[in-house]
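Understanding the architecture of this molecule
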Amino acid sequence: MTPQELVEAQDRLAAFAAEVFAPLGRSDQRRWGERYVRGLLGAGRRKSMEPMAARLGVDRQGLQQFLADAPWSHQMVLAELAWRMEPVIRPAAWVIDDVSFPKDGHASPGVAAQYCGALGKTANCQVAPSVHLVTDAASCPVNWRLFLPEQWDVTAAPAEDADQVAKRRRRAHIPDEVWHVAKWQLAVDMVDELRCWGLDPPLIVADEGYGQDGAFRLALEERGIDYVVGVRSDTAVLPETATRTAPAWSGTGRPPVPRYRQAPTSVCQSPRTVEAC
């Protein structure tokens with residue numbers, strides 16, 4: 001937004017911030033929350049504390065303390081955002097996708113050399129799986145998680161690197177209970193959280209990065225959620241009528257485990273998808 005556009009939207013922005021940050025117990029936290037949103041929307045490419053505080057004409061330390069040290073629940077703020085936007089957008093689907101943030105340094109939480117959608121290549125960045133309420137005309141992210149690569153996980157690091165990883169985590173203020181979790185699991189956790197807030201997904205849409213993972217698809221099926229996801233053309237599939245069966249147990253050895261007896265085919269070999277391939 002340009003400075004003039006920000007001035008013209010000041011009253012609407014203040015009302016929005018007052019509603020979204022209402023769960024914050026202290027008035028100074030709500031005030032800093034509104035300033036932070038203004039800093040994100042305002043002009044200027046750099047969105048770190050110092051340049052934003054300079055553009056806003058406020059104390060950098062106060063802005064930094066609000067984000068890094070002040071105790072407040074981001075889940076409550078996200079819930080307020082979701083409750084506000086769901087009746088406005090009336091989503092036709094929930095889209096699960098990654099949002100990436102290119103970084104120059106290596107101190108930001110979760111930063112690593114990984115695929116960066118903002119740049120279209122592997123680069124030094126942070127990645128946040130997110131859930132968006134969407135229609136053909138509008139969209140809004142209402143839940144997101146910071147992805148923590150394995151190199152930030154003490155339990156996944158070689159023994160000789162564990163101390164360095166632990167120090168890096170402390171400098172980045174990563175809580176001890178936060179570890180590497182697969183993106184598909186973060187996505188399912190966010191869907192569960194939104195459902196706990198009273199929202200119901202009309203349809204889940206995701207690209208191959210999520211759709212290729214069978215555990216993700218199974219989690220949606222177990223929750224009775226319809227979905228449309230991308231998969232690779234060589235993904236193994238079975239007919240919709242396929243069922244798992246087990247032969248009669250002879251009484252000796254281990255009882256047979258039910259499994260699919262029909263040989264799978266790839267997506268492109270399936271009669272229903274061969275034309276699309």
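Below is a short write-up of the structure. (Residues numbered from 1 in each chain as written. Predicted model: local features only at pLDDT ≥ 70, side-chain atom pairs only at ≥ 80, totals over all residues. Heavy atoms only, no water.)

**Remarks on the nonpolar core**
Applied cut-off: Take the buried residues of types Ala, Val, Leu, Ile, Met, Phe, Trp, Tyr and Cys, join any two whose side-chain atoms come within 4.5 Å, and each joined set is a nonpolar core. Only protein chains enter the accessibility calculation, which uses a 1.4 Å probe; a residue whose area is less than 20% of its type maximum is buried, one above 50% is exposed, and one in between is partly exposed. Runs of E in the DSSP output that reach at least two residues are strands. Runs of H or I that reach at least four are helices, and both are numbered from the N terminus. Residue contacts are defined here by distance: any two heavy atoms, one from each residue, within 4.5 Å place the two residues in contact.
In this structure, W94, I96, V142, L194, W197, I204 and F216 are the most contacted members of the largest nonpolar core, which totals 27 residues. Elements represented by at least two residues in this core include exactly α6 (74–89), β1 (93–102), β3 (121–134), β4 (139–144), α8 (183–196), β5 (204–206) and α10 (214–222). Take this core: its biggest share by element is six residues, from α6. Sequence-distant contacts of W197, defined by excluding residues within four places in its chain, comprise Q75, L78, A79, A82, W83, V142 and N143. Counting 16 residues, the second-largest nonpolar core is a separate cluster that includes L24, V37, L56 and L63.

**Here's the deal with the side chain of S100**
Keep this limit in mind: Here a polar contact means two N or O atoms within 3.5 Å. Within protein one must be a hydrogen donor candidate and the other an acceptor candidate, and residues neighboring in sequence count only if both atoms are side-chain atoms.
Along the chain, the position of S100 falls in strand β1. Among the polar contacts listed, one links the side chain of S100 to the backbone nitrogen of G117, at a separation of 3.0 Å. A polar side-chain atom of S100 sits 2.9 Å from the main-chain amide nitrogen of A118. Setting aside chain neighbours within four positions, we find S100 in contact with C116, G117, A118, Q126 and V127.

**A word on the pattern of salt bridges**
Basically, it comes down to this: Should a side-chain nitrogen of Lys or Arg be within 4 Å of a carboxyl oxygen of Asp or Glu, the pair is scored as a salt bridge.
Summed over all chains, the structure comprises seven salt bridges. Of the charged contacts in the structure, one is a salt bridge between R84 and E19, with a shortest N-O distance of 2.3 Å. With R84 in helix α6 and E19 in helix α2 (residues 10–20), the pair connects residues that are 65 residues apart, well separated along the chain. A relative accessible area of 35% means that E19 is categorised as partly exposed.

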